[in-house]
Amino acid sequence: MTTATARVSRHGSETAKPSKNARARERAMDWARRAPLLPALVILIVVTQLPFVVTLIISFMNWNSLSPDKTGFAGFENYIQVVTDPYMLQAIVTTIIETVSVVLASLVLGLGLALLLDKKFIGRGLARTLLIAPFLIVPVAAALIWKHAILNPVYGLINGTLTWVWSLFGSDTPPQPDLLSQAPLMAIILSLVWQWTPFMMLILLAGLQSRPMDTVEAAQMDGARPWDIFRHLTLPHLRQYLELGGLLGAIYIVQNFDATFVITSGGLGTANLPYAIYETFYYANEYGLASAAGVVVVIGTIVVATFALRTVFSLFKKEAAR
């Protein structure tokens, strides 16, 4: 009995050895496939993660370059100042107003343009190219265009057009609005809406072209009106695309710096959180406070990005299930 058991155990060990070797070979092959990606992964960590770790460390320090002898550990004092300082609070409020306004206006305009471009007409390809152009312009150049070529109260396009229209009716006293001084935050929002509407249009146009047209045709044959088709079929289908566009737009718009810097230089209550960080770092030389505000922006962006990734994954699952 003992001899038989020994044979069985020897046989089991002999059969187990190949399985261990197979697993070892499989692990070696996995590492062989991943090894070419390791340099890129190391560079990515060095370029992106290490600076963030350094910023996180500095955010817990009391560090002003004008008083280097007072540098030391500050705990959560910088974060408390970010959420209690009136200037920072105003910057946070401005950032929220700016982001929400631009995202909502861009989504509405982008949806309207997507519905128009979804129709077949002569020159549709050219129209799509022209409508995408604002999104391809460098942000600083776009802000300069709006500040000087469009909104300037003396030689800008808006006031020049109003002067020409009023002159057609024999009037030499046309209205000359000056948004740059009277409504500076509105001027920034207009420039951002103009630049981000094409982005929303592309996402929503992709959603429109993925609609199940057999359902739409069946509704048309049953006598459904265009508004009913849009409300009950098109809009529910575009819900996830609207969410995706809004979340992605919020991620980028909350980090807007170019338009604020170029159009108003943060004056007249238009300083958002990125511009407030810039002023805190370069003018006040408060490295710890600026780093804490930057970490707050990153955390908020990560939260929004998490919802955006969930929406993307749900869209992928929806497409894979078809």
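Residues numbered from 1 in each chain as written. Predicted model: local features only at pLDDT ≥ 70, side-chain atom pairs only at ≥ 80, totals over all residues. Heavy atoms only, no water.

Looking only at helices and strands, the protein features 14 helices and two strands. A compact globule built from 322 residues would reach a C-alpha radius of gyration of about 20 Å, whereas the protein, at 29 Å, exceeds it by more than 25%. By its C-alpha atoms, the protein is 120 × 80 × 35 Å across when sized along the principal axes. Taken over 322 residues, the protein has a buried fraction of 33%. Look at the contacts in the protein between residues 6 or more apart in sequence, and 70% of them connect residues 24 or more apart. (Helix = DSSP H or I, 4+ residues; strand = E, 2+ residues; numbered from the N terminus. Rg over C-alpha atoms; globule rule 2.2 N^0.38 Å. Buried < 20%, exposed > 50% of the residue type's maximum accessible area, 1.4 Å probe, protein only. Contact = heavy atoms within 4.5 Å.)

The next subject is the pattern of salt bridges. For the structure on display, the rule yields four salt bridges. Arg 211 is the salt-bridge partner of Asp 118, the closest N and O atoms lying 2.8 Å from each other. Taken together, the residues Asp 118 in the loop between helix 4 (86-117) and helix 5 (124-136) and Arg 211 in the loop between helix 9 (184-209) and helix 10 (213-221) connect sequence positions 93 residues apart. Exposure remark for Arg 211: the relative accessible area of 15% places this residue in the buried category. (Salt bridge = Lys/Arg side-chain N within 4 Å of Asp/Glu carboxyl O.)

This part covers the nonpolar core. Val 102, Ala 114, Leu 151, Leu 192, Tyr 241, Ile 253 and Ile 263 are the most contacted members of the largest nonpolar core, which totals 34 residues. Elements with a contribution of two residues or more to this core: helix 4, helix 6 (139-150), helix 9, helix 11 (226-253) and helix 12 (258-263). Residue contributions to this core peak at 13 residues, all from helix 9. Residue contacts for Leu 151: discarding those within four places in its chain leaves Trp 146, Ile 158, Leu 179, Leu 180 and Ala 187. (Core = buried A, V, L, I, M, F, W, Y, C linked by side-chain atoms within 4.5 Å.)

Moving on, we come to helix 6. For helix 6, spanning twelve residues, the distance from its first C-alpha to its last is 15 Å, which sits close to the expected 16 Å at 1.5 Å a residue. When helix 6 is considered as a whole, its buried residues turn out to be Ala 142, Ala 143, Trp 146 and Ile 150. One face of helix 6 carries all of its buried residues, which in axial projection span an arc of 105°. Contacts made by the buried residues of helix 6 are with helix 7 (157-168), helix 9 and helix 12. (Expected span 1.5 Å × (residues − 1). Arc of directions from axis to C-beta.)

The next subject is the side chain of Asp 178. Here Asp 178 shows up in the loop between helix 7 and helix 8 (179-182). Despite being buried, Asp 178 has no salt bridge partner; Lys 147 is the closest side chain of opposite charge, sitting 11 Å away. Beyond its immediate chain neighbours, meaning those up to four positions away, Asp 178 contacts Pro 153 and Ala 183. (Lys, Arg positive; Asp, Glu negative; His and termini not counted.)

Limitation: the analysis is restricted to geometry and does not speak to function.
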